[in-house]
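The primary structure of each chain is shown beneath.
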Amino acid sequence: MTDQLSTPAATFADKPTLEGERIILRPVRAEEDLPMLRVMVQDPEVLKYTSNVYTPVAPEWDEAMEARIVEWYSTRNEQTDRLDLIIVDRSTGRGVGEVVLNQWEEANRSCNLRICIGPDGRDRGFGTEAVRLTTDHAIRALGLNRVSLGVYGFNARGRRAYEKAGYRVEGVRRQVLRWGDQWIDDIDMAVLAEDWV
């Protein structure tokens, strides 16, 4: 089989807007996105499924935290080794989450995908659509061969969304997270360019 995607048409420096049926993925606008980001980073479910430490209570939102969030998101569009996009609900025009391609390994033509959806965007198929759009961009526009991710074992909704988007389980890293009094596995999933239709 020939390597059909040997020359990427875009780079991580490009910050595209990707349009789907129900969502739009667009570059970050830190000040405009701040209300959504505030809700998202304080949401208990977001903390549970994205944190690498036990975080049963959201950190208190104060001026210092807001300054850190604004500073971080204000620099996302300048990054040339990653792609951060805001997930926008087409019906309302409001941001509901973010999807990120990071941990780029140029020589191996691979990267990691992560996604975070706040309460306004859940249970509406936005996650699956965002993962499909972003993965398609990674493989077709960026010429990547592999996109991988990890999902905690107790995040059944996330795992279903990834499977619907075409990701396959490659392995399980056992007991990587101590959540309260439970040990939680991390499930490694990936999609390859040769499998992407």
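Keep in mind that what you see is a predicted model, and the values were worked out from it rather than measured.

A. Looking closely at the layout of surface pockets. By volume, the largest pocket amounts to about 1,300 Å³. The wall of the largest pocket is formed by 46 residues, among which Val46, Tyr49, Thr50, Ile115 and Cys116 lie closest to the centre. In terms of residue class, the lining of the largest pocket is built from 21 nonpolar, 13 polar and twelve charged. In this structure, the second largest pocket encloses a volume near 220 Å³. Of all the secondary-structure elements, those providing two or more residues to the lining of the second largest pocket are α1 (30–42) and β4 (95–105). The leading source of residues in the lining of the second largest pocket is α1, at six residues. Per-class residue counts for the lining of the second largest pocket are six nonpolar, four polar and five charged.

B. Up close: the side chain of histidine 137. Following the sequence through the fold, histidine 137 ends up in helix α4 (residues 126–141). With relative accessibility at 10%, the residue histidine 137 sits in the buried group. Filtering out sequence-adjacent residues up to four positions away, histidine 137 remains in contact with Pro16, Leu18, Leu83 and Leu142.

C. Here's a closer look at the pairing of strand β5 (residues 110–117). Most of β5 sits out of view: seven of its eight residues are buried. Examined bridge by bridge, β4 and β5 share seven bridges and lie antiparallel to one another. Within β5, the position partnered with leucine 101 by the bridge is leucine 113. Between β4 and the antiparallel strand that follows it, β5, lie four residues; arginine 109 among them carries a positive phi value of about 50°. Of the pairings in the sheet, the one linking β5 to strand β6 (residues 146–152) comprises three bridges and is parallel in character.

D. Spatial organisation of the environment of alanine 67. Examined against the element boundaries, alanine 67 turns out to sit in helix α3 (residues 63–74). Residue alanine 67 is classed as partly exposed on the basis of its relative accessible area of 42%. Counting along the chain gives 15 residues from alanine 67 to arginine 82, while the straight-line C-alpha distance between them is 22 Å.

E. Summary view of unusual backbone geometry. Of note, glutamine 103 is a non-glycine position whose phi angle comes to about 50°, a positive value. Along the chain, glutamine 103 falls in strand β4.

F. Quick peek at α4. Here α4 spans 21 Å end to end across 16 residues, near enough to the 22 Å set by a 1.5 Å rise per residue. Among the 16 residues of α4, 13 are classified as buried, and the element is accordingly described as predominantly covered. Phi turns positive, to about 70°, at glycine 143, one or two residues after α4.

G. Local environment of the sheet that holds β4. Read across the sheet, eight strands follow the order β1-β2-β3-β4-β5-β6-β8-β7 without closing on themselves; strand pairing throughout is mixed. The sheet is open, and its two borders are formed by β1 (18–19) and β7 (168–179), each paired with just one other strand. Pairing between strand β2 (residues 23–27) and strand β3 (residues 83–89): five bridges, direction antiparallel. Paired with isoleucine 23 across the strands is aspartate 89, a residue of β3. Packing of α4 onto the sheet brings it into contact with β1, β2, β3, β4, β5, β6 and β8 (182–192), and relative to β5 it is tilted by some 155°.

Quick notes on the rules
- Numbers given for residues are sequential positions, taken from 1 along each chain in its written order.
- This being a predicted model, a pLDDT of at least 70 is required before a residue's local features are given, and a value of 80 or more before pairs of side-chain atoms are given or counted; all residues contribute to the totals for chains, interfaces and linings.
- The basis for every side-chain value is the complete set of heavy atoms in the structure, and neither hydrogens nor water enter the calculation.
- Using a grid of 1 Å spacing that covers the protein atoms alone, one calls a set of points a cavity when a 1.4 Å probe fits there but cannot get out, and a pocket when the set is open and has protein on both sides within 12 Å along at least five of seven lines; lining residues are those with an atom within 4 Å of a point.
- Grid points are joined across faces, edges and corners, and a volume is the space filled by probe spheres set on the points.
- Side-chain classes are defined by residue name, with Ala, Val, Leu, Ile, Met, Phe, Trp, Tyr, Cys and Pro counting as nonpolar, Asp, Glu, Lys and Arg as charged, and the others, Gly among them, as polar.
- To qualify as a helix, a DSSP run of H or I must reach at least 4 residues; to qualify as a strand, a run of E must reach at least 2; elements of each kind are numbered from the N terminus.
- To sort residues, take the accessible area from a 1.4 Å probe on protein chains only and compare it with the maximum for the residue type: under 20% means buried, over 50% means exposed, and anything in between is partly exposed.
- Whether two residues touch is decided by their heavy atoms; if any such pair falls within 4.5 Å, the residues are in contact.
- Pairing between two strands requires that DSSP report at least two bridges joining them.
- Between the first and last residue of a helix there are one fewer steps than residues, each counted as 1.5 Å, and that sum is the expected span.
- Only C-alpha atoms enter the line fits that serve as axes; for helices the fit covers just the stretch in contact. Angles between N-to-C directions range over 0 to 180 degrees.

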